[in-house]
Amino acid sequence: MQRLTLLALVAAALCATVAAKPGAKPSPMPPPPPAPAPTTTVAPSSSPAPVTGDNGAAASWIIAVSGVIGLLFSAFQLYLVAKIEVEPGKRGEGYTNMEEGSDTNAKLKLYEVYCAIQEGAKAFLFAEYFLMGIFVVVFGALVLVLTSYTPTGFKWEVGGCTAVSFVVGAVTSIVSGYIGMMVAVFSNARTTIAAEGIDEAGWSASFNTAFRAGSVMGFSLTSIAMLMLGLLIYVLNAAMGGDVTDPLKDDAKILFECVAGYGLGGSCIAMFGRVGGGIYTKAADVGADLAGKVVSGIPEDDPRNPATIADNVGDNVGDVAGMGSDLFGSYAESSCAALVVAAGSADIVSAGWGAILFPLAVSAVGVIICAVSSFLATDISPVKKEEDVETVLKIQLGVTAILMCGVTYPLSIFLLPETFFIGDVEASPLAAWSCIVSGLLGGCIVGFITEYYTSHSYTPVREVAQSCETGAATNIIYGLALGYKSAIIPITIIAVVTFVAFSQCGMYGVALGALGFLGTLATCLAIDVYGPVCDNAGGIAEMAELPSQVRDKTDALDAAGNTTAAIGKGFAIGSAALVSL
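Residues numbered from 1 in each chain as written. Predicted model: local features only at pLDDT ≥ 70, side-chain atom pairs only at ≥ 80, totals over all residues. Heavy atoms only, no water.

*Asks:* Please explain the overall build of the protein as it appears in this structure.
*Replies:* Broken down by element type, the protein carries 19 helices and four strands. Considering only contacts in the protein between residues 6 or more positions apart, those separated by 24 or more positions represent 82%. With the model as given, the accessible surface of the protein reaches about 23200 Å², and the carbon-plus-sulfur share is 67%. (Helix = DSSP H or I, 4+ residues; strand = E, 2+ residues; numbered from the N terminus. Contact = heavy atoms within 4.5 Å. Areas by Shrake-Rupley, 256 points an atom, 1.4 Å probe, with all protein chains shown as cover.)

*Asks:* Help me out: how do you make sense of the environment of Ser428 in this one?
*Replies:* Mapped onto the elements, Ser428 comes out in the loop between strand 4 (425-427) and helix 14 (429-454). As for Ser428 and Ile413, which are separated by 15 residues in sequence, their C-alpha atoms are 8.7 Å apart. Not counting the four nearest positions on each side in its chain, Ser428 is found in contact with Glu418 and Phe420.

*Asks:* Looking at this structure, I do not really get the packing of aromatic side chains. What am I missing?
*Replies:* In this description, a pair of aromatic rings is defined by centroid distance and the angle of the planes. Across all of its chains, the model carries 19 aromatic pairs by this definition. Look at Phe73 and Phe76: their rings are 6.4 Å apart centre to centre, the planes differ by 45 degrees, and that puts the pair in the tilted class. Taken together, the positions of Phe73 and Phe76, both in helix 2 (residues 53-82) and three residues apart, correspond to about one turn of that helix. For Phe73, a relative accessible area of 10% translates into the label buried. Using a relative accessible area of 36% as the deciding quantity, one classes Phe76 as partly exposed. Ring centres of Tyr149 and Phe154 lie 5.5 Å apart, and the angle between their planes is 65 degrees; this geometry places the pair in the edge-to-face category. In this structure Tyr149 comes out as exposed when scored by relative accessible area, which is 54%. Its relative accessible area of 43% is what places Phe154 among the partly exposed residues. Among the aromatic residues, those joined into a ring-pair cluster are Phe73, Phe76, Phe219 and Phe375. Between the NZ or CZ atom of Arg190 and the centre of the ring of Phe186, over which it lies, the distance is 3.9 Å. (Phe/Tyr/Trp six-rings, centres within 6.5 Å; stacked < 30°, edge-to-face > 60°. Buried < 20%, exposed > 50% of the residue type's maximum accessible area, 1.4 Å probe, protein only. Lys NZ or Arg CZ within 6 Å of the ring centre and 35° of its normal.)

*Asks:* Sorry, what's going on with a nonpolar patch on the surface here?
*Replies:* On the surface, Leu142, Val145, Leu146, Tyr149, Phe154 and Trp156 cluster together into a nonpolar patch covering about 640 Å² of accessible area. Take the nonpolar patch: its biggest share by element is three residues, from helix 4 (residues 104-148). Locating Phe154 in the fold gives a position in strand 2 (residues 153-154). (Patch = residues over 30% accessible without salt bridge, like charges linked within 9 Å, V, L, I, M, F, W, Y side chains within 5 Å. Salt bridge = Lys/Arg side-chain N within 4 Å of Asp/Glu carboxyl O.)

*Asks:* Looking at this structure, I do not really get the pattern of salt bridges. What am I missing?
*Replies:* Working definition: two side chains of opposite charge can pair if their charged atoms are close together. As enumerated under the stated definition, the model contains four salt bridges in all. Note that Glu545 is salt-bridged to Lys109, the shortest N-O span being 2.7 Å. Of this pair, Glu545 sits in the loop between helix 18 (521-543) and helix 19 (548-580) while Lys109 sits in helix 4; the two residues are 436 residues apart in sequence, bridging distant segments of the chain. Residue classification places Glu545 among the exposed positions, given a relative accessible area of 51%. Salt-bridge contacts for Asp388 lead to Lys385; the nearest nitrogen and oxygen are separated by 3.2 Å. By relative accessible area, Asp388 is classed as buried at 16%. The class of Lys385 is partly exposed, set by a relative accessible area of 43%.

*Asks:* Explain the side chain of Asn55 here, please?
*Replies:* By secondary structure assignment, the location of Asn55 is in helix 2. Residues within four places of Asn55 in sequence aside, it is in contact with Ala351, Gly354, Phe414 and Leu415.

*Asks:* Would you take a moment to explain the packing of helix 13 (residues 388-415) against helix 14 for this structure?
*Replies:* Helix packing for two helices is described by the angle between their axes and how far apart those axes are. Between helix 13 and helix 14, the least distance of the axes is 8 Å, while the angle of their chain directions is 175 degrees. It follows that helix 13 is roughly antiparallel to helix 14 by the angle criterion. Each of Glu390, Lys394, Leu397, Gly398, Ala401, Met404, Cys405, Thr408, Tyr409, Ser412 and Ile413 in helix 13 lies in contact with helix 14, whose residues at this interface are Pro429, Leu430, Trp433, Ile436, Val437, Leu440, Leu441, Cys444, Phe448 and Glu451. (Axes fitted to C-alpha atoms, helices over the stretch in contact; angles between N-to-C directions. Parallel < 35°, antiparallel > 145°, perpendicular 65-115°, else oblique.)

*Asks:* What should I look at first to understand the nonpolar core in this one?
*Replies:* Nonpolar side chains in soluble globular proteins tend to be buried together. Ranked by internal contacts, the top residues of the largest apolar core, which has 155 residues, are Phe207, Phe256 and Tyr508. Tallying contributions element by element places helix 6 (residues 199-239) first for this core, with 18 residues. (Core = buried A, V, L, I, M, F, W, Y, C linked by side-chain atoms within 4.5 Å.)

Below, the structure written as structure tokens:
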């Protein structure tokens, strides 16, 4: 039933996408009237010739096709994970390993724990989403009234469009978080079973299962977010009197200010998911440790401690649903910010839909690049031993960013006019591309610096461990000092990206820099969700009392997963800093 539910969600999103695809091929924009008199200009532009509707149609198709491919790839990854059977009595890929190495009692315990974690996750999501629903309704009504008010009276059509955008953003974030949470608790026990494999086969199978689970979350979230934003733009444009080939000219800025409600809705849900989910996660973790280690004197994840179920649920709540909502909010806000700034440029507006939708097209090609490069970690250079885990994840992230740098250059040349003004700043496609590249490279550097300070493979973490030899006080002092030190380079990188982007394209460049940070969002989410799935897999192995070699594999995968979770936070904070400008 769980597999059917997940496939149904992905299929429903796919059907909605196909149904919402732009209709017939848009007819080209009518040519400009002969010899226009340059009586008024918005900026000292070089007056680029208006682009026909062809590149606008191309941008729309790039967004739609990439979104569909992302959803299909997500469903394919889910299919590969689902081939591993968990329910006793059923046979599937990978389950024969457990048949040989474990007794019937262990298999029954594993399935019981697996079902208990799923039940806890659903109970938490129901309670949280019930409160979220009340908030969305109340705050949505407030958005409707406040954005409708003007000094001359109420403009309900503007407020209505903004409120609709807010609700769509909130609901999309909720759906994305639900899919990610259900996939994580669907894949945790399957990762445990895959870890029963011998030597290289066990390492590859367990890593691939967890990574593919993360890919389902990453590609479904990015694809649904992008498609819903694109659909929202077209629907609101039609509601305000425009059509596919007419970006409303003078009203373009009003249109995209209404669309900006989409980012607000995503950010509000991110607040619930990140703060509320984070509090639950730490409360469950500390509570389980107090009840088990301190009071009862039993090991972590011991099956005699019922609080371990809440602990395993909490791992997914904070680092899957919470992180997913956080990155969705950053993505929605950066996209909306770029669209709003672009709508304020007469040059970009006159160039047509292709130039306006350039930020969404960047995200669209990012989905394709992430899908292609994902085979690097699972097939081309798979994990064969413990030392390979962190290396494979770093290579995956770096290669994806490099490929994005190459692909976004021809895209910017194709969609953007030769020159355009953002306020008083004259820009070009090359300048816009440099803003995206600065974000891509800055995000990679922040991620790798984060890994250096949080991975057990490097000196900082080992020095923190050594500081425990002299007591808890020195451990706290050293860890806090190291945390402050670790922020120096990331803050410098964010400042450099901001300076480069602003000097090249003004505020539009800053928004494109934020999109560059999130250009590899699908891969970042896949790496991030991989962590809690492995953590759950280790807890399930301990509670089911499986052989020690299974826990050894899941512990090693989880150690790398703790680092990858920190990398995801670095991307979220960096992009949010740029979006806030």
